[in-house]
Amino acid sequence: MNKELNRYLDGELEPNELSAELKGEAEAWDAFLTDVRESGASEAPVGLESMVMDSVRAERKAPWSRLIDWWVNPQSLRIRPLIGLAAAAAIATFFLLPNDAVLPAEPAGAATALVGEEAVYVQFVLEAPEAQSVAVAGDFNDWSPDIGLADPDGDGIWAGRVRLAPGVHKYMFLVDGQQWVTDPLAERYTEDGFGNRNAVIAITGGAGAGSLAP
Amino acid sequence: MVRRGFFTASIVALGLSSTALAAQTDDLARVRAAYGEVDAARIAAVIQRGVDNELPRRLLVEKALEGTAKRMPADAVLAAVTTLERELRAAATVVWPDQDAETLEKTADALRHGIDRALLVELHRERPEEFPMMIVAIEDLIHVGVDPDVAEDMVRAAATSGLSGHETLGLPATVRRLVREGSTPRDAASSVRAGIRPGGTDVPPSVDERFRDVPSTAGGRGRSIPPIL
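What counts, and at which threshold
- Residues numbered from 1 in each chain as written.
- Chains lettered and ligands numbered in written order.
- Predicted model: local features only at pLDDT ≥ 70, side-chain atom pairs only at ≥ 80, totals over all residues.
- Helix = DSSP H or I, 4+ residues; strand = E, 2+ residues; numbered from the N terminus.
- Buried ≥ 20, exposed ≤ 12 C-beta atoms within 10 Å, placed from the backbone.
- Contact = placed C-beta atoms within 7 Å.
- Pairing = 2+ DSSP bridges.
- pLDDT = per-residue confidence, 0-100.
- Axes fitted to C-alpha atoms, helices over the stretch in contact; angles between N-to-C directions.
- Left-handed = near helix turned anticlockwise from the far one by under 90°.
- Nonpolar A, V, L, I, M, F, W, Y, C, P; charged D, E, K, R; others polar.
- Arc of directions from axis to C-beta.
- Parallel < 35°, antiparallel > 145°, perpendicular 65-115°, else oblique.

**Quick word on the overall build of chain B**
Now for step 1: Each helix and strand counted, chain B has 11 helices and one strand in total.
Now for step 2: Counting helices and strands in the order they occur from the N terminus, chain B gives α-α-α-α-α-α-α-α-α-α-α-β.
Now for step 3: Taking all 229 residues of chain B together, the buried fraction comes to 41%.
Now for step 4: Residue pairs in contact within chain B that sit at least 24 positions apart in sequence constitute 59% of those at least 6 positions apart.

Shown next as structure tokens:
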């Protein structure tokens, strides 16, 4: 219904406030309402209200009963196939993925979490001529020693690049899968709570309003 | 329509709750595998105590995982998680109601290193988003040899002047460079302190000094091979 007409029927507008187009329609409504009033509509029969309410109470069940009915009785469900497929795929994905996928153990997991954010590629380097393997682990990968560094030319300098979010990160190297080594060239360190030191790297975002004078 | 809505809501709620539950139960899987159910449960209890105190679960779990990865005895892991939980609770009183994990962690570091509590409150109130980097800057300045009072004053000035965390982290880097060039830490700090001013655009190094820019395959920044090379 036209809003202006609605307001007129609600008594918020006078007839002369309506457009010419709506006046005719308003008059038709007035005539209809007059007919209704003059048709002799009477009071509801005595006892009708209590009869209706008794009927409603008779049909109404306790909430727990209705819940059980919902689960026990056959239900007709109408679902868009696309939504149903998406829900099924989501559930299947959850149960089929290995547990490790729940937490980002790989750097790729951290990178995935950085969509839309500024990230920094950090190259970790350790000189370990005798090592057979070197990995880096830190709070950015839940301390899983699964980010391997590489020494392609065999000169004992192991290096690898990891994508990190801005912030303060702690890390150590794991040599040959057994020996934890603190980065000897880190700018800063912090106690790890186990009697050793973690190296700390601070990665910042952009510039602010102030500056350092040259 | 109502039934369909109820069904969809049930599926979504079931999925969300099971995912959250799985994430929480799985994040200590390595701890359980390494130490068994009994010790893992003791560690988990401390973590839960922290969560009950509104501390970020992630930090406590990380400490447990760190100890596990480093093959520490279960008691050592338990002790480390317990200590961290206590330190984070103390830190939370400084930056309350901020519950950001990095903020809490750096506040705990700062308190452990004896940085003035009133300064921490002031810096956090002034520049909450830059707060962790400001703590790092103070620690770095002290590490270079700058008096704690002077270091705190420099970072306070940086906060007042609107320097970003990025720029604040450049303060100790600049002091360090001046010290390498022959200045005393006091003189170097004094020079750098005098150079802090609001409104400019010059940007000091963004990451650790030795992390110089190198080409990146995805447009990010990287760090160079360190001086050992």
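**What to know about the pairing of strand E2 (residues 134-138) of chain A**
All names here are of chain A.
Now for step 1: The element E2 is largely enclosed, with a buried count of five among its five residues.
Now for step 2: Taking every second residue as pointing to the same face, both faces of E2 are buried, with Val 134, Val 136 and Gly 138 on one and Ala 135 and Ala 137 on the other.
Now for step 3: With five bridges connecting them, E2 and strand E5 (residues 167-175) associate as antiparallel partners. When the sheet's bridge partners are listed, Gly 138 is paired in E5 with Tyr 171.
Now for step 4: Inspection of the sheet shows E2 paired to strand E3 (residues 147-148) by two bridges, in the antiparallel sense. The residue of E3 that forms the bridge with Val 136 is Ile 147.

**Quick notes on unusual backbone geometry**
Now for step 1: The omega torsion of the bond from B:Trp96 to B:Pro97 falls at 10°, within 30 degrees of zero and hence cis.
Now for step 2: Take B:Pro97: it is sitting in the loop between helix H4 (74-95) and helix H5 (101-112).
Now for step 3: The residue A:Asp176 is not glycine, and still its phi comes out positive at about 55°.
Now for step 4: Note on placement: A:Asp176 falls in the loop between E5 and strand E6 (179-181).
Now for step 5: One non-glycine residue, B:Arg71, lies in the positive phi region at around 55°.

**Observations regarding the pairing of strand E7 (residues 188-191) of chain A**
All names here are of chain A.
Now for step 1: In this structure, E7 lies alongside strand E8 (residues 197-203), joined through four bridges in antiparallel fashion. When the sheet's bridge partners are listed, Glu 191 is paired in E8 with Arg 197.
Now for step 2: Connecting E7 to the next strand, E8, in antiparallel fashion are five residues, including Gly 193 with a positive phi near 85°.

**Some thoughts on the environment of B:Asp187**
Now for step 1: Its location among the elements puts B:Asp187 in helix H11 (residues 185-195).
Now for step 2: Note: C-alpha distance between B:Asp187 and B:Val146 (41 residues apart in sequence) is 9.3 Å.

**Considering the confidence of the model for chain A**
All names here are of chain A.
Now for step 1: Across chain A, pLDDT averages 77, with 77% of residues at or above 70.
Now for step 2: Predicted confidence is poor over residues 97-116, with pLDDT under 50, and the contacts of this stretch with residues over four places away or in other chains come to 31 contacts.
Now for step 3: Throughout residues 206-214 the model reports pLDDT below 50, and contacts reaching past four residues in sequence, or to other chains, amount to 41 contacts.

**Digging into the packing of helix H7 (residues 131-144) of chain B against helix H8 (residues 148-161) of chain B**
All names here are of chain B.
Now for step 1: Two numbers describe how H7 lies on H8: the axes approach to 9 Å, and their chain directions differ by 150°. Helix-helix and strand crossings are classified by hand; for H7 and H8 the assignment is right-handed. Mapping the contact onto sequence places Met 134, Ala 137, Ile 138, Leu 141 and Ile 142 in H7 and Pro 148, Ala 151, Glu 152, Met 154, Val 155 and Ala 159 in H8.
Now for step 2: Looking at the contact of H7 with H8 residue by residue, the classes come out as 10 nonpolar, no polar and one charged.

**A word on helix H6 (residues 117-126) of chain B**
Since the α-helix turns once every 3.6 residues, residues separated by three or four places project in the same direction.
All names here are of chain B.
Now for step 1: Within the sequence span of H6, burial applies to Leu 119, Leu 120, Leu 123 and His 124. Angular distribution of buried residues about the axis of H6 spans 130°; they occupy a single face of the element. Facing away from the buried side of H6, by more than 90 degrees, are the exposed residues Ala 118 and Arg 125.
Now for step 2: Of the surrounding secondary structure, the elements contacted by the buried residues of H6 are H4, H5, H7 and H8.

**A look at the packing of H7(B) against helix H10 (residues 170-180) of chain B**
Residue and element names in this part refer to chain B.
Now for step 1: Two numbers describe how H7 lies on H10: the axes approach to 8 Å, and their chain directions differ by 15°. Considered as vectors, H7 and H10 are oriented roughly parallel to each other. For the pair H7 and H10, the crossing hand works out as left-handed. Here Ala 137, Asp 140, Leu 141 and Val 144 of H7 come into contact with H10, specifically with Leu 171, Pro 172, Val 175, Arg 176 and Val 179.
Now for step 2: Among the residues forming the contact of H7 with H10, the class breakdown is seven nonpolar, no polar and two charged.

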